[in-house]
Amino acid sequence: MSDSSDEQASAGQPADSPADPDAEEVEALRKQVEEKYDFDDFGPADMAEMSAEEWEVAFDADSWITGDELLDRVERDLRNRVASRDVFARVERNRNPPRVLAYSDEGYAIVYPDGSVEGEGTVLRDVKPTVALASMESYDVPESVPENPLPEPDAVPEGGGELGNRMLQVIAGVQLLAGLVMLAGAVLAIVGVLGGPGTNIEFMVVGGFAFIGVALVLFFTVANARLSDKFRAEEYRDRLRAIGLEDGERPEFVPELTAEDDRETNGSEEADEVGA
């Protein structure tokens, strides 16, 4: 028996034992993950697409950030996403017990120092990728974020795009004026005040009504846009009021944060580890 065979035998392994099939499968899956995802530009959408198996082979669990540092990163990243209107939620940081609470009128999420998340609704769906990304050292979290990223309800404007609306109104006014001029010219041509035998009265009438029709469509578009902006702004104000930006009251379905870890009894629908 050769020396290498003796060494394998002394290690308790057969001399001709094949490589660990599980290790080969993990390595093959890791290569597939590296080809499938761009980790230099890894975002929440990629995280949502990743399966639990892909996550396990792509990231080393021992290198995950946890504790207060994780909660700090999650808080800053969530406030930044709220400020950029990627997420609608009110974000609160609790020190005792250490938690990050995010909630809206449609759900809530509680982030724990170990990286687990529980909650319900759309907020839970939005927070999970943030927690997963914030737990990675390679993910850059914004350092400077607004303390109150959501505006007060009364500060919400009726809507944007006023410059575009005014431009459409000017165009519509020109179209309407051109149409009226053409119709007036047709009437004067009929009574013999304007034009001569070669005057195309039918063209002037059709063209006048066409210009007026285009003008009315443009005016209707502007009115509809302004009305839609008004409704959207009022709906946004109602959502801001629903999460307590005026009276400071949380929605009734949001649980109170207590010093005891009562995740199993607070009625939440989910409690997941980061990457699970």
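Residues numbered from 1 in each chain as written. Predicted model: local features only at pLDDT ≥ 70, side-chain atom pairs only at ≥ 80, totals over all residues. Heavy atoms only, no water.

Undergrad: Looking at this structure, how should I read the UniProt feature "transmembrane region" (unreviewed entry) in the protein chain?
TA: Per the UniProt entry, the sites bearing "transmembrane region" (unreviewed entry) are residues 176-195 and 201-222 in this numbering. Within the segment residues 201-222, helix and strand shares are 100% and 0% respectively, and the terminal C-alpha atoms sit 32 Å apart. (UniProt positions renumbered as here; feature names shortened; annotations may be inferred. Helix = DSSP H or I, 4+ residues; strand = E, 2+ residues; numbered from the N terminus.)

Undergrad: I'm lost on the pairing of strand β4 (residues 117-120) in this one. Help?
TA: Within a regular strand, the side chains alternate between the two sheet faces. With burial as the criterion, each face of β4 is covered, one bearing V117 and G119 and the other bearing E118 and E120. Pairing of strand β3 (residues 107-111) with β4, which is carried by 4 bridges, proceeds in the antiparallel orientation. The residue bridging V111 from the neighbouring strand is V117, located in β4. Connecting β3 to the next strand, β4, in antiparallel fashion are 5 residues, including G115 with a positive phi near 95 degrees. (Buried < 20%, exposed > 50% of the residue type's maximum accessible area, 1.4 Å probe, protein only. Pairing = 2+ DSSP bridges.)

Undergrad: Is there a simple way to explain a nonpolar patch on the surface in this structure?
TA: On the surface, V187, L188, I190, V191 and V193 cluster together into a nonpolar patch covering about 480 Å² of accessible area. Structurally, L188 is set in helix α7 (residues 162-190). (Patch = residues over 30% accessible without salt bridge, like charges linked within 9 Å, V, L, I, M, F, W, Y side chains within 5 Å. Areas by Shrake-Rupley, 256 points an atom, 1.4 Å probe, with all protein chains shown as cover. Salt bridge = Lys/Arg side-chain N within 4 Å of Asp/Glu carboxyl O.)

Undergrad: Can you walk me through the pairing of strand β1 (residues 90-95) in this structure?
TA: Looking at chain direction, β1 and strand β2 (residues 98-104) are connected through 6 bridges and run antiparallel. For N94, the partnering residue across the bridge sits in β2 and is R99. The hairpin formed by β1 and β2 contains 2 residues between the paired strands.

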